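# Structural features, examined
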Amino acid sequence: MTITSSKNLNNEQTQPGVFESYIMKLPEILIVALIAFFDLAAIPGLKQLDPLFYSCYVFFFVGIIMIFEYWKKRPLIIPGLILMSLVLMLISRDMVLTVNILLALGITFFILFIALSRWQKIAFICFLIFVAANSVACAVTGIDNRFAVICLTVGVFYCVSRCIRTDVDYRFAVTFALLFIALLPIREEPIQWTAVKDVWYRVGSFVDGIGNEIGYQISGIIDLGGSYSGYSSVGNLNGSIKKSSREEIAFDRAGGNDRTLYLKGADYSTITSKGLSGKESISSDYNDWFIVYMNALMDAEVSNREARCFARIESAEVLYEYLRTEDIIRPTNLINIDDEVENGLSHKAGKGFNYKLQYMDIDYASPYFQRVMEGYSGEITHSYDEMKEYVHDTFKINVSRFMSQEGYDAAVARMNSQEYMDELNQYLDTSMSTDKIKNLSQELTANCETDYEKAKVIESYLRNYNYDTSVDLRDSDNFVESFLFDTKSGYCVHFASSMMLLLRDAGVPARYVNGYLYDGSADFVMSSDAHAWVEAYIEGMGWMPFEPTATKESAEDLSWGLVVKEIDEKEQTDWGEYYGEEMVEEMMDEGAGQFDKTSDESEETEEDNSAENREIIKRVLLYAAIIVGAIIALLLVVFVGKRIWFTFLPEDRKLGEMVKKEKKTIEKNMAQDIIEKLHKNSSSIYDYLNYVETDEERVRLKDLFDRYYRVRFRKTGE
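Residues numbered from 1 in each chain as written. Predicted model: local features only at pLDDT ≥ 70, side-chain atom pairs only at ≥ 80, totals over all residues. Heavy atoms only, no water.

### Side note on the pattern of salt bridges
Cut-off, in case you're wondering: A pair is scored as a salt bridge if a Lys or Arg side-chain nitrogen falls within 4 Å of a carboxyl oxygen belonging to Asp or Glu. Starting at the N terminus, helices and strands are each numbered in turn, a helix being any DSSP run of H or I of at least four residues and a strand any DSSP run of E of at least two.
For the coordinates displayed, the defined rule picks out 21 salt bridges. In this structure, K456 and E459 form a salt bridge, with 2.7 Å as the shortest nitrogen-oxygen distance. Of the two residues, K456 and E459 are both situated in helix α18 (residues 451-462); the distance of three residues between them amounts to about one turn of the helix. Where salt bridges share partners, they join R259, R312, E314 and D361 into one cluster.

Written out as structure tokens, the structure is:
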């Protein structure tokens with residue numbers, strides 16, 4: 001009998017170990033785990049996903065797989081993963097952790113298929129589809145997360161390499177990933193794709209500019225098919241609207257408020273058959289309305305607590321993205337804006353242009369505001385000091401930061417002058433009106449007692465019309481009449497123009513406004529948010545916005561629904577509580593455009609950060625302990641369970657398990673071809689004795705094999 005030493009076997013080709021097999025699959029495992037996280041994070045409403053928890057659980061589950069692989073217990077992998085996930089969920093009993101555990105488990109099952117599937121070609125095709133689909137989604141959505149882009153780039157590179165050479169190993173992809181990360185300039189801000197976006201923007205702006213500027217002029221000769229949605233600096237009447245989506249403005253407001261907001265670009269005083277003219281953007285008297293509004297609140301005897309239920313002062317920063325215009329985009333109720341833009345621009349501003357501002361957000365449907373509409377006097381009767389005190393008590397804002405005593409007196413004198421009243425007359429021009437339009441206006445407002453009632457009645461009437469972006473009224477002699485009585489459908493331009501003319505026929509000064517209706521939930525104001533609405537001049541209140549377009553939410557739909565809480569007057573009033581979770585933002589410092597935090601606020605922030613850091617450390621330690629405990633629990637369950645199971649086995653099964661264990665121990669140092677030879681039906685378990693190093697071990701094993709055969713054949717003979 002020839003004995004082959006295990007030392008000689010080391011010179012032969014050995015079977016790849018478990019860990020080496022997984023390392024060969026490392027690029028695919030990491031790419032799937034990381035890209036899947038970015039996919040899950042993009043799902044709306046999945047706020048429970050946490051990168052730390054997700055990563056810990058994914059690598060914990062992968063570790064469980066490798067433990068079972070090391071023990072050569074592959075059939076137990078899936079039951080073991082499910083069992084461990086249940087143990088973790090029972091230990092944590094937390095919704096956030098449960099969601100992260102389940103998501104990590106699902107991704108681990110996909111990783112398991114990629115790494116261990118018998119159909120490796122199918123598994124690689126699935127991996128290829130996964131990377132390709134994410135790459136397409138990345139290009140379409142313009143994802144700017146730097147780490148997601150790195151993962152996708154490495155994934156694409158790895159897929160291409162595998163398609164060219166099926167035997168490419170992990171070192172190729174890992175080396176490329178390290179070089180890519182090392183050479184790529186890492187910054188704090190995400191990838192902006194500046195060059196690509198700039199080219200796209202320039203091409204799109206050029207095409208849009210041609211369509212919008214000359215489309216109407218040659219509409220009688222050549223039909224260019226209307227125009228694209230987006231902000232326009234001109235008031236020409238366009239044809240049908242084609243949908244487009246481009247990031248035109250970044251509107252970053254402090255405090256995290258996500259309420260819908262009207263962003264005004266310009267208003268127009270004159271309406272003609274060709275569209276709107278008499279454009280006005282921003283002027284130095286932009287915050288005169290604030291004086292009128294505060295006087296109205298004081299006249300109506302609105303308490304500080306009531307006023308805070310329907311009005312709040314906010315600050316924001318505006319950044320032009322893919323927009324070129326000479327107009328200053330700002331909220332309708334503007335209070336303060338950077339000095340360099342308060343008189344408008346003499347040229348078109350483009351990408352990168354930015355400024356800061358403050359404005360008042362008003363809930364026009366609040367019952368407290370309705371009381372103001374019923375109780376205003378129509379005159380400015382309060383002094384600067386009275387207004388200053390009222391504003392400070394109500395909003396904790398110092399009026400002197402944006403308006404001086406001299407500015408207040410000058411504004412009051414200007415609004416009480418005949419010149420100011422003459423300026424309002426231009427917003428009563430009805431030259432575009434017809435008998436049918438005038439009759440409709442009179443019929444709608446016959447029972448209205450105030451200008452505000454007239455505006456609300458006309459607004460409600462128009463909201464019954466159909467919204468249709470395909471309507472083209474450029475060939476009409478009077479597009480307002482055609483909209484009101486013929487098509488009875490159109491888009492915001494037609495709705496706003498019609499309401500403006502109906503209001504003027506009812507004796508209410510009105511103007512057409514274009515800008516954006518920003519819903520506040522997105523990071524950018526898109527071209528698709530471009531909109532037109534109406535402002536009516538209500539005596540004693542100034543210019544107020546109204547929404548006649550059918551598909552847009554009215555003031556009643558957007559109401560905050562806040563009411564004064566009934567509390568003991570002896571209790572100290574915390575004015576911020578009336579906004580629930582919202583925080584009331586302070587005004588910017590005069591000139592600087594920002595507020596300085598006090599030292600107390602800084603200390604509180606540092607304390608909050610310190611407490612938050614301690615909480616994070618506690619959670620990390622907790623989940624590390626949970627993972628270690630779960631691993632120990634799994635090992636104990638397997639070990640104890642195996643012992644118990646072995647105890648109750650019959651003698652022949654016990655000897656069989658002992659022989660199987662000894663065979664696996666010997667096979668660890670064997671080449672694959674020798675193992676296959678020993679597994680053939682013609683071989684005997686005694687052949688394993690040829691690969692045992694010591695005589696003592698050989699004698700022990702022969703005794704075990706003899707007992708196994710005696711028990712086995714004795715039982716068979718019976």
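### Description of the packing of aromatic side chains
Here is the rule: Stacked, tilted and edge-to-face pairs are distinguished by plane angle, under 30 degrees for stacked and over 60 for edge-to-face with tilted covering the rest, among Phe, Tyr and Trp rings (Trp via its six-membered ring) whose centres lie within 6.5 Å. Partly exposed describes any residue whose relative accessible area lies between the buried limit of under 20% and the exposed limit of over 50%, with all areas from a 1.4 Å probe on protein chains only and scaled to the type maximum. Our definition puts a charge over a ring when NZ of Lys or CZ of Arg is within 6 Å of the ring centre and also within 35 degrees of the ring normal.
For the structure shown, the criterion picks out 22 aromatic pairs. Between Y268 and Y512, the ring centres sit 5.9 Å apart and the planes meet at 70°, which makes this aromatic pair edge-to-face. Of this pair, Y268 sits in strand β4 (residues 261-272) while Y512 sits in strand β12 (residues 510-518), placing them 244 residues apart in sequence. According to the relative accessible area criterion, Y512 is buried, its value standing at 5%. With 6.0 Å between their ring centres and 75° between their planes, Y320 and Y355 make a pair best called edge-to-face. Highlighted residues: Y320 in strand β6 (residues 311-320) and Y355 in strand β9 (residues 354-362), separated in sequence by 35 residues. The exposure classification of Y320 matches that of Y355, with both residues buried. Within the aromatic cluster, the residues linked to one another by ring pairs are W289, F290, Y293 and F402. The cationic tip of R511 hangs over the ring face of Y427; the distance from NZ or CZ to the ring centre is 5.8 Å.

### Points about the environment of Y359
Heads up, the condition is: By the convention used here, residues are in contact when the closest approach between their heavy atoms is within 4.5 Å. Polar contact is the term for a pair of N or O atoms within 3.5 Å; when the atoms are in protein, one must be able to donate a hydrogen and the other to accept it, and sequence-neighboring residues count only if both atoms are side-chain atoms.
Tracing the chain through its elements places Y359 in strand β9. Looking at Y359, the relative accessible area reads 0%, which means it is buried. Separated by 28 residues in the primary sequence, Y359 and P331 place their C-alpha atoms 6.5 Å from one another. Among residues more than four places away in sequence, those in contact with Y359 are F251, R253, L261, R312, I313, E314, A316, P331, N333, L334 and I335. At 2.4 Å, the side chain of Y359 and the side chain of E314 are in polar contact.

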